[in-house]
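# Chain and residue survey
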Amino acid sequence: MTRPDPCSFLIKQIHDELEKRANNSLREKDLTLAQMGALFELKSSPEKQKPLKELERLLHIAQSTAAGIAVRLEQKGFVESFGDTNDRRIKMIRITPAGEECCQQAEKHMHETESLLLSKLTETEKLIFSDLLKKIFDSLK
């Protein structure tokens, strides 16, 4: 009798495969997952901008990493940086229309990947799976 793989091992394998697919897709656009994470944070912001310090906190990255991401995204035309009007010491980052278009393309790819990921499940199984993942995630908080 074969022993089933531990759930954590299967979750890791799924994560690795999804990450590989995302990186392959982003490589065509000369982007990284971290850069896309920053773009998504900016796009979801009501004003489409955030202080660089807040991006560091939201993405759980060091100041130097956030600064590097901002510089590379600005070089690619996906964001623009500027000083806060009230406090010029605060560096602000704003997503550009090109950055928003990049997010739309990435969202489309993510939707296609999720459809593939869940393609063997029935609609009921998809709902149950989603609920179970939420419970598991909540148990880790």
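Residues numbered from 1 in each chain as written. Predicted model: local features only at pLDDT ≥ 70, side-chain atom pairs only at ≥ 80, totals over all residues. Heavy atoms only, no water.

## Focus: the overall build of the protein
Along the protein, the regular secondary structure elements total 6 helices and 3 strands. Going from N to C terminus, the protein has its helices and strands arranged as α-α-β-α-α-β-β-α-α. The globule rule puts the C-alpha radius of gyration for 141 residues at 14 Å, and the 18 Å found for the protein is more than 25% above it. C-alpha atoms of the protein, sized along the principal axes, occupy 65 × 30 × 25 Å. (Helix = DSSP H or I, 4+ residues; strand = E, 2+ residues; numbered from the N terminus. Rg over C-alpha atoms; globule rule 2.2 N^0.38 Å.)

## Details of the nonpolar core
By size, the foremost hydrophobic cluster in this structure holds 20 residues, and its most contacted members are Leu 31, Met 36, Leu 39, Leu 73 and Ile 93. Contributing elements (two or more residues each) for this core: helix H2 (33-44), helix H3 (52-59), helix H4 (63-75), strand S3 (91-95) and helix H5 (97-117). By residue number, the principal contributor to this core is H4, which donates 5 residues. The contact partners of Leu 73, leaving out residues within four places of it in the chain, are Leu 31, Gln 35, Ala 38, Leu 39, Phe 78 and Val 79. (Core = buried A, V, L, I, M, F, W, Y, C linked by side-chain atoms within 4.5 Å. Buried < 20%, exposed > 50% of the residue type's maximum accessible area, 1.4 Å probe, protein only. Contact = heavy atoms within 4.5 Å.)

## Focus: the pattern of salt bridges
One pass over the structure, following the stated rule, counts 14 salt bridges. Glu 107 serves as the salt-bridge partner of Lys 43, at 3.7 Å between the closest nitrogen and oxygen. In this pair, Lys 43 is assigned in helix H2 and Glu 107 in helix H5, connecting sequence segments 64 residues apart. With a closest N to O distance of 3.4 Å, Lys 50 and Glu 54 form a salt bridge. Its relative accessible area of 11% is what places Lys 50 among the buried residues. Connected via shared salt-bridge partners are Glu 17, Lys 20 and Arg 21. (Salt bridge = Lys/Arg side-chain N within 4 Å of Asp/Glu carboxyl O.)

## Regarding a nonpolar patch on the surface
On the surface, a cluster of nonpolar side chains totalling about 570 Å² of accessible area is made up of Ile 128, Phe 129, Leu 132, Leu 133, Ile 136 and Leu 140. Given a relative accessible area of 69%, Leu 140 falls into the exposed group. (Patch = residues over 30% accessible without salt bridge, like charges linked within 9 Å, V, L, I, M, F, W, Y side chains within 5 Å. Areas by Shrake-Rupley, 256 points an atom, 1.4 Å probe, with all protein chains shown as cover.)

## Brief notes about the packing of H2 against H5
Closest axis-to-axis distance for the H2/H5 pair is 10 Å, and the angle between their directions is 110°. Taken together, the axes of H2 and H5 lie roughly perpendicular to each other. Contacts between H2 and H5 pair Met 36, Leu 39, Phe 40 and Lys 43 from the former with Gly 99, Glu 100, Cys 102, Cys 103, Gln 104, Ala 106, Glu 107 and Met 110 from the latter. Partitioning the contact of H2 with H5 into residue classes produces 7 nonpolar, 2 polar and 3 charged. (Axes fitted to C-alpha atoms, helices over the stretch in contact; angles between N-to-C directions. Parallel < 35°, antiparallel > 145°, perpendicular 65-115°, else oblique. Nonpolar A, V, L, I, M, F, W, Y, C, P; charged D, E, K, R; others polar.)

## Some details on unusual backbone geometry
Of note, the phi angle at Asp 30 is positive, near 60°, even though the residue is not glycine. Given a relative accessible area of 54%, Asp 30 falls into the exposed group.

## Quick look at the sheet that holds strand S1 (residues 49-51)
Spatially, the 3 strands line up as an open sheet ordered S1-S3-S2, and their pairing is antiparallel. Strands at the two margins of the open sheet, each flanked by one partner only, are S1 and strand S2 (79-83). Across the sheet, the mean angle separating the axes of adjacent strands is 25° when strand polarity is ignored. Where S2 lies against S3, 5 bridges are found, and the strand directions are antiparallel. Looking across to S3, one finds that Gly 83 is bridged to Lys 91. Across the sheet, H4 is in contact with S2 and S3; its angle to S2 comes to roughly 120°. (Pairing = 2+ DSSP bridges.)

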